[in-house]
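# Residue-level structure breakdown
If you want the building blocks of each chain, they are given just below.
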Amino acid sequence: MGITRGFGVDIGGSGVKGGLVDLEAGALDGERMRIPTPQPSTPEAVAEVVAEIVEKFQWDGPVGITLPCVVKHGVALSAANVDKGWINCDAQQLFAARLKRKPEEIVVMNDADAAGIAEMSFGAGVGKNGTVVLLTFGTGIGSAVFLDGKLVPNTEFGHLQVDGHDAESRAAASVKEEKDLSWEEWTPRVTRYINVLEDLIWPDLVIAGGGVSKKAHKWLPLLEVRTEVVAAALKNDAGIVGAAWAAAHGLRP
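Residues numbered from 1 in each chain as written. Predicted model: local features only at pLDDT ≥ 70, side-chain atom pairs only at ≥ 80, totals over all residues. Heavy atoms only, no water.

## Some details on the sheet that holds strand β6 (residues 71-72)
On the basis of which strands lie adjacent, the open sheet formed by 3 strands has the order β6-β7-β8 and antiparallel pairing. The sheet terminates laterally at β6 and β8 (89-90), the two strands that pair on one side only. Inspection of the sheet shows β6 paired to strand β7 (residues 75-76) by 2 bridges, in the antiparallel sense. Following the sheet pairing, Val71 is matched in β7 by Ala76. (Pairing = 2+ DSSP bridges. Helix = DSSP H or I, 4+ residues; strand = E, 2+ residues; numbered from the N terminus.)

This is the structure in structure tokens:
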């Protein structure tokens with residue numbers, strides 16, 4: 001009998017959320033817990049919040065944790081929408097020490113990669129071959145790329161240059177909120193961004209994730225792109241599910 005439950009924590013620019021995951025259903029097992037991301041979001045401050053969430057659920061198994069960073073071998077190499085103190089931080093060791101776990105019981109990975117794993121395993125990407133791209137629209141834009149179901153880790157397509165601007169500074173969901181844009185005003189920005197991405201890698205499918213995926217019916221039909229774009233099936237829980245799955249299976253991108 002395989003592992004049926006896991007635990008994932010998804011660290012974002014505005015909130016840290018985590019919970020138990022049913023690894024057979026690919027869904028949360030009960031309610032998740034969300035705590036605002038501490039400001040400043042230093043590694044030590046965020047680790048305290050992660051520990052609070054894990055301890056709240058009295059979970060004593062492996063923990064999967066996402067960061068809005070490039071992560072290699074457990075070390076964060078960039079910092080998008082979190083404190084720059086994360087750069088070159090050994091996040092795996094940090095969380096292992098704070099959670100009183102062995103380092104091998106902690107899996108740390110890029111947040112969009114975790115969400116992509118969840119969608120490819122349980123959601124909109126199941127059975128999809130070719131080049132599949134998950135885009136998470138939130139505080140920034142995260143990306144996860146899969147070739148015939150295999151993850152190409154740590155892509156940073158949210159930072160593509162689009163008309164002289166960093167893509168996420170124009171088309172992230174946070175920009176829609178900050179500028180109080182309607183769906184009709186924001187979606188052309190997403191269209192332009194996806195057009196640039198299409199010309200670079202010619203994806204076969206784009207999965208739109210992040211908080212705005214919950215209202216996909218309001219903006220996906222407005223896109224003017226050549227690639228099929230579908231809403232993420234796991235909505236904003238994908239990062240938690242993917243992180244838990246990775247930790248339970250010892251996956252280290």
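## Some details on the domain arrangement of the protein
For the protein, the assigned domains are domain 1 (5-113 + 237-249) and domain 2 (126-231). For domain 1 versus domain 2, the separation of C-alpha centres amounts to 23 Å. Counting residues at the interface gives 12 residues for domain 1, matched by 14 residues for domain 2. Buried surface at the junction of domain 1 and domain 2, both sides included, amounts to about 860 Å², of which 46% is carbon and sulfur. When the buried surface of domain 1 facing domain 2 is broken down by residue, Asn81, Ala112 and Asp113 rank first, second and third, together holding 56% of it. At the boundary of domain 1 with domain 2, the tally comes to 2 residue pairs in polar contact (both at pLDDT 80 or more). (Domains from an automatic or database assignment. Contact = heavy atoms within 4.5 Å. Buried area = accessible area lost by both parts, 1.4 Å probe. Polar contact = N/O pair within 3.5 Å; in protein donor to acceptor, adjacent residues only side chain to side chain.)

## Points about unusual backbone geometry
Most peptide bonds adopt trans geometry, and most residues besides glycine take a negative phi value. Cis peptide bonds are those with omega within 30 degrees of zero, and the linkage from Gln39 to Pro40 qualifies with 0°. Assignment of secondary structure puts Pro40 in the loop between β4 (33-36) and α1 (43-56). Of note, the phi angle at Lys100 is positive, near 55°, even though the residue is not glycine. Of note, the phi angle at Asp163 is positive, near 50°, even though the residue is not glycine. If you trace the backbone, Asp163 turns up in the loop between β13 (161-162) and β14 (165-166). When its relative accessible area of 53% is taken as the criterion, Asp163 is described as exposed. (Buried < 20%, exposed > 50% of the residue type's maximum accessible area, 1.4 Å probe, protein only.)

## Regarding the sheet that holds strand β10 (residues 131-137)
In spatial order, the strands read β12-β11-β10-β15-β16; together these 5 strands make up an open sheet with mixed pairing. Bordering the open sheet on either side are β12 (150-152) and β16 (229-231), each of which pairs with just one other strand. Within this sheet the neighbouring strands show an average axis-to-axis angle of 30°, counted without direction. Sheet topology places β10 next to strand β11 (residues 141-147); 7 bridges connect them, and they run antiparallel. If you follow Thr131 over to β11, its bridge partner there is Leu147. (Axes fitted to C-alpha atoms, helices over the stretch in contact; angles between N-to-C directions.)

## Focus: the layout of surface pockets
When its volume is computed, the largest pocket comes out at roughly 910 Å³. Lining the largest pocket are 50 residues, with Phe137, Gly138, Thr139, Gly211 and Asn236 positioned closest to its centre. Looking at the lining of the largest pocket, the elements with two or more residues in it are β1 (5-11), β2 (15-22), α3 (111-122), β10, β11, α5 (173-178) and α8 (238-248). Taken together, the residues that form the lining of the largest pocket break down as 15 nonpolar, 21 polar and 14 charged. Lining the lining of the largest pocket are residues from two domains, each supplying at least three of them: domain 1 (5-113 + 237-249) and domain 2 (126-231). Put simply, the second largest pocket is a space of about 160 Å³. Lining of the second largest pocket is provided by Ile117, Met120, Ser121, Phe146, Gly149, Lys150, Leu151, Pro153, Trp245, Leu251 and Pro253. Counting only elements with at least two residues in the lining of the second largest pocket, the list comes to α3 and β12. Classifying every residue of the lining of the second largest pocket by side-chain character gives 8 nonpolar, 2 polar and 1 charged. (1 Å grid on protein atoms, 1.4 Å probe; cavity = no way out; pocket = protein on both sides within 12 Å on 5 of 7 lines; lining within 4 Å. Points joined across faces, edges and corners; volume = space filled by probe spheres on them. Nonpolar A, V, L, I, M, F, W, Y, C, P; charged D, E, K, R; others polar.)

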